[in-house]
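Now for the letters of each chain:
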Amino acid sequence: MTINIKKCTLEDSRKLQEISIETFTETFGQQNSPENMNAYLEKAFNIKQLEKELSNMFSEFFFVYVHHEVAGYVKVNINDAQSEEMGEESLEIERIYIKSRFQKHGLGKYLLHKAMEKAMERNKKKIWLGVWEKNENAIAFYKKMGFVQAGAHSFYMGEEEQIDFIMTKTLI
Ligand SMILES: CC(C)(COP(=O)(O)OP(=O)(O)OC[C@H]1O[C@@H](n2cnc3c(N)ncnc32)[C@H](O)[C@@H]1OP(=O)(O)O)[C@@H](O)C(=O)NCCC(=O)NCCS
């Protein structure tokens, strides 16, 4: 398998929209109503919103390619781009998604290591993320990668309030 990582630019907004919608729908479509899903997809992944995020100097997106296909992506935030006030010593993994047919081949770990590399380059002490309490697959993955639960916060899927566990990993 030939794997490459590429940092996304503003020109990647359409590609980013495609993979964001595809992977979010694959992951959460079964457990959420079509109304809440559509409301979330429209709000989070419209082109204007994605362009704004791609232009934020405190956010970075990376695609992982398998051969020439985008197989997944990660979004990391620092400073005030973080979705919670976690301080300047933290880096947030806001999104990490691998297309279902590419899962369990080490690509999630590859993107996580990219996020860790970014955090260490910037002398961060901690990586953190929010994960839906019902997303057992991702929680198991994060635990395997050394994250521990450190709290919870609310997340809105359309009108529905859901609980996200906050998980953190200290970098040494
Ligand atoms: C969670 C996700 C990113 C993991 O990526 P992945 O490519 O499937 O995982 P990897 O193959 O890199 O696995 C890395 C390690 O975690 C382990 N792992 C992965 N999923 C696991 C699971 N469900 N249970 C237990 N261990 C798991 C692997 O066995 C592997 O262990 P190893 O290092 O000993 O070989 C991916 O499954 C995904 O995109 N899921 C849907 C989207 C999602 O839920 N994103 C998170 C939103 S918060």
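Anything mentioned here points back to the structure above.
Being a predicted model, the structure only gives us computed values, none of them experimental.

S.K.: It is not clear to me how the pairing of strand E2 (residues 59-66) should be interpreted in this structure. Could you clarify?
M.R.: In summary, the side chains of a regular strand alternate between the two faces of the sheet. Most of E2 is tucked away, with eight of its eight residues classed as buried. Burial of the side chains of E2 extends over both faces: Ser-59, Phe-61, Phe-63 and Tyr-65 are buried on one face and Glu-60, Phe-62, Val-64 and Val-66 on the other. The pairing of strand E1 (residues 3-7) with E2 spans five bridges and is antiparallel. Residue pairing across strands places Ile-5 opposite Val-64, the latter belonging to E2. Pairing analysis gives eight bridges linking E2 to strand E3 (residues 69-78), with the strands arranged antiparallel. Bridged to Phe-63 within E3 is Tyr-73. As consecutive antiparallel partners, E2 and E3 are separated by two residues, and within that stretch His-67 has a phi angle of approximately 55°, a positive value.

S.K.: Honestly, the environment of Val-76 in this entry has me stumped. Any pointers?
M.R.: Along the chain, Val-76 falls in strand E3. For Val-76, a relative accessible area of 3% puts it in the buried group. Considered as a pair, Val-76 and Lys-99 are 23 residues apart in the sequence and their alpha carbons are 18 Å apart. The residues touching Val-76, leaving out its near neighbours within four places in the chain, are Phe-58, Ser-59, Glu-60, Phe-62, Leu-91, Glu-92, Ile-93 and Ala-115.

S.K.: Looking at this structure, I do not really get the pattern of salt bridges. What am I missing?
M.R.: Note that side chains of opposite charge can pair when their charged atoms are close. This structure, assessed with the given rule, holds 12 salt bridges. A salt bridge links Lys-6 to Asp-12; its shortest N-O distance comes to 2.8 Å. The partly exposed category is assigned to Lys-6, whose relative accessible area is 32%. Residue Arg-95 is joined to Glu-53 by a salt bridge in which the shortest nitrogen-to-oxygen separation is 3.2 Å. Of the two residues, Arg-95 is situated in strand E4 (residues 90-98) and Glu-53 in helix H3 (residues 47-55); the sequence distance between them amounts to 42 residues.

S.K.: Honestly, the packing of helix H1 (residues 13-28) against helix H2 (residues 34-44) in this entry has me stumped. Any pointers?
M.R.: How two helices pack is summed up by the angle between their axes together with the distance between the axes. Running from N to C, H1 and H2 cross one another at 155°; their axes reach a closest spacing of 11 Å. When the interaxial angle is binned, H1 and H2 end up roughly antiparallel. Seen from above, H1 lies across H2 with right-handed handedness. On H2, the residues that touch Ile-21, Phe-24, Thr-25 and Phe-28 of H1 are Met-37, Tyr-40 and Leu-41. Across the contact of H1 with H2, the residue classes tally to six nonpolar, one polar and no charged.

S.K.: Looking at this model, I keep getting lost on the environment of Phe-155. Mind explaining?
M.R.: Within the element layout of this structure, Phe-155 appears in strand E6 (residues 148-157). A residue is classified by how much of its surface remains accessible, and Phe-155, at 23% relative accessible area, is partly exposed. Distance from Phe-155 to Phe-165, taken between C-alpha atoms, is 10.0 Å for residues 10 residues apart in sequence. With residues near it in sequence (within four places) discarded, Phe-155 still touches Tyr-40, Glu-160, Glu-161, Gln-162 and Asp-164.

What counts, and where the lines are drawn
- Per chain, the residues get numbers from 1 upward, laid out in the order the sequence is written.
- Confidence filtering applies because this is a predicted model: local features only for residues at pLDDT of at least 70, side-chain atom pairs given and counted only at 80 or more, and all residues used for totals across whole chains, interfaces and linings.
- Water and hydrogen atoms were dropped before computing side-chain values, which therefore reflect all heavy atoms in the structure.
- Remark: exposure states derive from per-residue accessible area (1.4 Å probe, protein chains only) relative to the maximum for the residue type, with buried under 20%, exposed over 50%, and partly exposed in between.
- Under the DSSP-based scheme used, a helix requires at least four consecutive residues in state H or I and a strand at least two consecutive residues in state E, with every element numbered from the N terminus.
- Pairing between two strands is assigned when DSSP locates at least 2 bridges connecting them.
- Here, two residues are considered to be in contact whenever any of their heavy atoms come within 4.5 Å of each other.
- The term salt bridge refers to a pairing of a side-chain nitrogen on Lys or Arg with a carboxyl oxygen on Asp or Glu at a separation within 4 Å.
- Axis geometry follows a simple rule: fit a line to the C-alpha atoms, using only the stretch in contact for helices, then measure angles between N-to-C directions, giving values from 0 to 180 degrees.
- Roughly parallel means an angle under 35 degrees; roughly antiparallel means over 145; roughly perpendicular covers 65 to 115; every other angle is labelled oblique.
- Handedness of a crossing follows from how the near helix is turned relative to the far one, being left-handed for an anticlockwise turn of less than a right angle and right-handed for a clockwise one.
- Gly falls in the polar group here, along with every residue not listed as nonpolar (Ala, Val, Leu, Ile, Met, Phe, Trp, Tyr, Cys, Pro) or charged (Asp, Glu, Lys, Arg).

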